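# Breakdown of the fold
One-letter residues, chain by chain:
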Amino acid sequence: MFKKVQGSVKSILSQEYTRASAYYVAANIIGQGVVLLSSSVFTRLMSQEDYGLVSTYSTWVLVINTFICLNLFITVRNAYIDFKEDYDRYNSSVLLLALISGVMITGLIVAGCMVFRVDFSIEEILFACMQSIALNVVNYMMAVQSMKNQYKQRALLMILPNWGHTILSIIFILAFTQNMYMAKIAGNAFGMLIFGGICIAVFIRKSVPEIIPRYWRYALKISVPSIFNTLSDLILIECDRLMLTFMVGAVETAEYSIIYNAGSIIVAIYQAVNGAWTPWFFKKVSQNDSVSTKKYQTYYMLAFTIFSCGMMTIMPELIKILAPENYWRGIRYAGPIVVASYLIFLYAFFTCYLTYQKRTGVIARNTIIVAALNLILNYIWIPRYKSVGAVMATVTCYLMLFFLHYFTLGKKGKDYFAIHAMWRQVGVIAVYAVVFYLTRDLWLIRYGVFLLFVVIMAARYGKGISGCINELKKDY
């Protein structure tokens, strides 16, 4: 029996997309792991206020990142289908447009901040813009590698920048103890800039950048509407931290950020696997193969349900490793944070299909509606409930976005998804979150419940998983 299972696993891992998924998950664990574990260093080296300010700065970097290079890296997925024979030339040309946009918008941001005398130094603004441009370039390279299924190179790029900027930040903090906040953000910016420069050199080596108007028009039609989607999505993810800082204080933001970062491991893992799922899904949709997409999605969700419940189970111990005792109060709302992360994973299936259809404007509309709702709920709930209010707003809005994207799919689009299985998994996660809340201080019961949960899931779905593995072997 063991040899049969071992043989099936080896066979699956030898296939293209599953092998890529394994690389991406491992790379994400290593890459994001160092960032997460470094929190235990930074929370002890820095004051709680400085750590909260760094979290706020990171949010601003992500905001700038959404528009500074016009979000052009998202176009490489569609271009791989439409310009496959001239793909490298397309990428170098559109990357040139992204860099030109990055330089011009940096100038506008600096000028605007000087005119309106915002409460940020020029150094902070330049660090944020440089880091955002470099992050765009790295994301562009990873998107290209995903479509070409260059999973080994992409895996390296998922690891090395995170290690690089983390190590550089620690060095700068130890060297410039008089201003640890500036030392930390300088390490982040220069660390990412190094790898952005390497990626640019690789693109130039493959194809010298040219101004090609038809490629630029094609890319802008897809990317510009998506800016509003990405920005709105970011508001959903990050505005709670900004509003906590300005409405309650950086100390509250620091406590909330530790819990949120730990819960976002689920999103990081999904994004890693999605690097292999997206090209496979695009291929199946182009072949009108809804049977395969629903079948494999069902077990994909099952795996993430077990993983998410496992993350919830270990959250109290993980937080105690990552941060000193003055951060531990946030453990009580770790369950809802994991539920929110799981909802992100689920509605990403829908956005993948809508992106395939080039309906980025529809995605943007839905996300803008929910982002506006999130701002309103945070404004109402944060002054009253502080971090708990931010959590309540986050879960409510992700659930709303899930439904909006679902209703946008249309009858044909819904055929590609295992909708009933989605409802079941959401119910499982919600019930487990309640159980976690009741047992969060009782580690023996908590781990016992998770073990029982895994046994039940294995008994219920074991045969189905085995059959799916056999069919997957034939499919590839």
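For the structure, see preceding data.
This is a predicted model, so every value here is computed, not measured. (Residues numbered from 1 in each chain as written. Predicted model: local features only at pLDDT ≥ 70, side-chain atom pairs only at ≥ 80, totals over all residues. Heavy atoms only, no water.)

## Remarks on the side chain of Thr408
Within the secondary structure, Thr408 is located in helix α15 (residues 387-408). The exposure class of Thr408 is buried, given its relative accessible area of 13%. Ignoring anything within four residues of it in the chain, the contact list for Thr408 reads Leu354, Arg359, Val362, Arg365 and Asn366. (Helix = DSSP H or I, 4+ residues; strand = E, 2+ residues; numbered from the N terminus. Buried < 20%, exposed > 50% of the residue type's maximum accessible area, 1.4 Å probe, protein only. Contact = heavy atoms within 4.5 Å.)

## Concerning the packing of aromatic side chains
Taken as a whole, this structure holds 38 aromatic pairs when the rule is applied. Residues Tyr90 and Tyr215 carry aromatic rings whose centres are separated by 5.3 Å and whose planes lie at 70 degrees to one another, so their mutual orientation is edge-to-face. Here Tyr90, found in helix α5 (residues 87-116), pairs with Tyr215, found in helix α9 (residues 213-247); they are 125 residues apart in sequence, far enough to count as distant. Taking the relative accessible area as the measure of exposure, Tyr90 reaches 0% and is therefore buried. Taking 5.8 Å as the distance between ring centres and 20 degrees as the angle between the ring planes, the aromatic pair formed by Trp277 and Phe281 counts as stacked. In this pair, Trp277 and Phe281 both sit in helix α11 (residues 265-286), four residues apart, roughly one turn of the helix. Of the two residues, Trp277 and Phe281, both sit in the buried class. Just above the ring of Tyr406 sits the side chain of Lys414; from NZ or CZ to the centre is 4.4 Å. (Phe/Tyr/Trp six-rings, centres within 6.5 Å; stacked < 30°, edge-to-face > 60°. Lys NZ or Arg CZ within 6 Å of the ring centre and 35° of its normal.)

## As for unusual backbone geometry
Within the chain, Leu70 stands out as a residue other than glycine whose phi angle is a positive 60 degrees. Here Leu70 lies in the loop between α3 (48-67) and α4 (76-82). Even without glycine at this site, Asn71 takes up a positive phi of about 60 degrees. Examined against the element boundaries, Asn71 turns out to sit in the loop between α3 and α4. For Asn71, a relative accessible area of 2% puts it in the buried group.

## Focus: the pattern of salt bridges
Counted by the stated rule, this structure contains six salt bridges. In this structure, the salt-bridge partner of Asp82 is Lys358, at a minimum N-O distance of 3.4 Å. In this pair, Asp82 sits in helix α4 while Lys358 sits in the loop between α13 (334-356) and α14 (360-385), placing the two residues 276 residues apart along the sequence. On the accessibility criterion, Lys358 (42% relative accessible area) is partly exposed. (Salt bridge = Lys/Arg side-chain N within 4 Å of Asp/Glu carboxyl O.)

## Focus on a nonpolar patch on the surface
A contiguous nonpolar patch, built from Trp60, Val115, Phe116, Val118, Phe120, Phe246, Met247, Val248, Ile376, Tyr379 and Ile380 and spanning about 1,100 Å² of accessible area, is present on the exposed surface. Residue assignment for the nonpolar patch shows that the elements contributing at least two residues are α5, α9 and α14. Sorting elements by how many residues they give to the nonpolar patch places α14 first, with three residues. Inspection of the secondary structure assignment puts Ile380 in helix α14. (Patch = residues over 30% accessible without salt bridge, like charges linked within 9 Å, V, L, I, M, F, W, Y side chains within 5 Å. Areas by Shrake-Rupley, 256 points an atom, 1.4 Å probe, with all protein chains shown as cover.)

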